Amino acid sequence: MSTAPESTAAPSKSLQAFKDCWGCRAVSGGGLILSAAYVFNAARRIMKQGAPTSMGTVAQITFAACLASWGVVIITDPVGKSHRKTT
């Protein structure tokens, strides 16, 4: 039970500009998706050579999936869209 006031500071200008800038979100999200494709292809190349699947290969594929999903989240920008906007 703290009596300290809660901070209700507004988001910084750079963070607000990133949310409003469609080009910024497309470039950064697209870059993450392309890097995911690169990591996935590196792991897939090892598997195509006939090498047994190792924990490192599985880790690469998992990391690629995480990068791709992070890129999709940045492009779609779901923050604040689930709440009703009041003006």
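Keep in mind that this is a model prediction, so the values were computed, not measured. Just so you know, the residues in each chain are numbered from 1, in the order the chain's sequence is written. Where totals are concerned, whole chains, interfaces and linings use all residues; where local detail is concerned, this predicted model gives features only for residues with pLDDT of at least 70, and gives and counts side-chain atom pairs only at 80 or more. Each side-chain value is worked out from all heavy atoms of the structure, with water and hydrogens disregarded.

**Q** Would you mind showing me how to read the UniProt feature "transmembrane region" (unreviewed entry) in the protein here?
**A** UniProt positions are given in the numbering used here, feature names are shortened, and annotations may be inferred rather than shown by experiment. The positions that UniProt labels "transmembrane region" (unreviewed entry) are, in the present scheme, residues 22-43 and 55-75. Helix makes up 100% of residues 22-43 and strand 0%, whereas the separation of the span's terminal C-alpha atoms amounts to 32 Å. Strands here mean DSSP runs of E at least two residues long; helices mean DSSP runs of H or I at least four residues long; both are numbered from the N terminus.

**Q** I would appreciate a short explanation of the packing of helix α2 (residues 22-48) against helix α3 (residues 55-76) in the present structure.
**A** In a pair of packed helices, the angle between the axes and the distance between the axes together describe the arrangement. Between the N-to-C directions of two axes lies an angle of 0 to 180 degrees, each axis being a line fitted to C-alpha atoms and, for a helix, fitted only over the stretch in contact. Direction vectors running N to C along α2 and α3 enclose 165°, while the axes themselves pass 8 Å from each other. Classified by the angle between their axes, α2 and α3 sit roughly antiparallel to one another. With respect to the hand of their crossing, α2 and α3 are arranged in left-handed fashion. We call two directions roughly parallel when the angle between them is under 35 degrees, roughly antiparallel when it is over 145, roughly perpendicular when it lies between 65 and 115, and oblique otherwise. In this scheme, a crossing is called left-handed if the near helix is turned counterclockwise away from the far one by less than a right angle; it is called right-handed if the turn is clockwise.

**Q** Mind showing me how you'd approach the nonpolar core here?
**A** When a protein is soluble and globular, its nonpolar side chains tend to lie buried together. Leu32, Ala36, Val39, Ala64, Leu67 and Ile74 together form the largest nonpolar core, which totals six residues. Taken together, the elements giving at least two residues each to this core come down to α2 and α3. The criterion used for residue contact is that any of the two residues' heavy atoms lie within 4.5 Å. Look past the residues within four positions of Val39 in its chain and what remains in contact with it is Gln60, Phe63, Ala64 and Leu67. Think of a nonpolar core as a cluster: buried Ala, Val, Leu, Ile, Met, Phe, Trp, Tyr and Cys residues, connected wherever their side-chain atoms sit within 4.5 Å. Categorising residues by exposure relies on relative accessible area from a 1.4 Å probe, with only protein chains included: less than 20% of the type maximum marks a residue as buried, more than 50% marks it as exposed, and the intermediate range marks it as partly exposed.

**Q** Help me understand α3, please; the structure alone is not making it clear to me.
**A** Across its 22 residues, α3 extends 32 Å between first and last C-alpha, which sits within 8% of the 32 Å expected from 1.5 Å per residue. A positive backbone phi angle near 50° is found at Asp77, which sits one or two residues after α3. By definition here, a helix of n residues has an expected span of 1.5 Å times n minus one.

**Q** Where do I start with the side chain of Thr57 in this structure?
**A** Relative to the helices and strands, Thr57 is located in helix α3. The residues contacting Thr57, other than those within four sequence positions of it, are Ala43, Ile46 and Met47.

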